[in-house]
Amino acid sequence: MLLGARRAAHACGVLLVLAAPSARVRRVMAITGTGGLFPVCPSLRLALQHRSPEVLRDEA
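Cut-off values and rules
- Residues numbered from 1 in each chain as written.
- Predicted model: local features only at pLDDT ≥ 70, side-chain atom pairs only at ≥ 80, totals over all residues.
- Heavy atoms only, no water.
- Helix = DSSP H or I, 4+ residues; strand = E, 2+ residues; numbered from the N terminus.
- Areas by Shrake-Rupley, 256 points an atom, 1.4 Å probe, with all protein chains shown as cover.
- Buried < 20%, exposed > 50% of the residue type's maximum accessible area, 1.4 Å probe, protein only.
- Contact = heavy atoms within 4.5 Å.

**Overview of the overall build of the chain**
Helix and strand content of the chain: four helices and two strands. Shown N-terminal to C-terminal, the secondary structure of the chain runs as helices and strands in the order α-β-α-β-α-α. Summed over all atoms, the accessible surface of the chain reaches about 4600 Å², with 61% contributed by carbon and sulfur.

**Describing the side chain of T34**
Looking at where T34 falls in the secondary structure, it is placed in the loop between α2 (23-32) and β2 (40-41). Look at T34 and you get buried, because its relative accessible area is 15%. Sequence-distant contacts of T34, defined by excluding residues within four places in its chain, comprise L3 and M29.

**Thoughts on unusual backbone geometry**
Within the chain, A20 stands out as a residue other than glycine whose phi angle is a positive 50°. One can find A20 in the loop between β1 (18-19) and α2. A residue is classified by how much of its surface remains accessible, and A20, at 47% relative accessible area, is partly exposed.

**With respect to α2**
A small share of α2 lies buried, amounting to one of its ten residues. Backbone geometry just downstream of α2 places G33 in the positive-phi region, at approximately 75°.

**Overview of the environment of H50**
Examined against the element boundaries, H50 turns out to sit in the loop between α3 (44-49) and α4 (53-59). Sequence-wise, H50 and V17 are 33 residues apart; in three dimensions their C-alpha atoms are separated by 7.6 Å. Dropping the residues within four chain positions of it, H50 is found in contact with L15, V17, P39 and C41.

Structure (structure tokens):
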């Protein structure tokens, strides 16, 4: 589900940031090697403020 959401978000020029994912989600991402695909923030507030260099390049 997360990979599909990431693809859809990217197609719209939106960065998908995970806000405080549970230990179970982090473990599954570590096992599957997908952890590096998602910026992770410790809170929703910080996730909403997150800006990726990739997104900034796309806006230029």
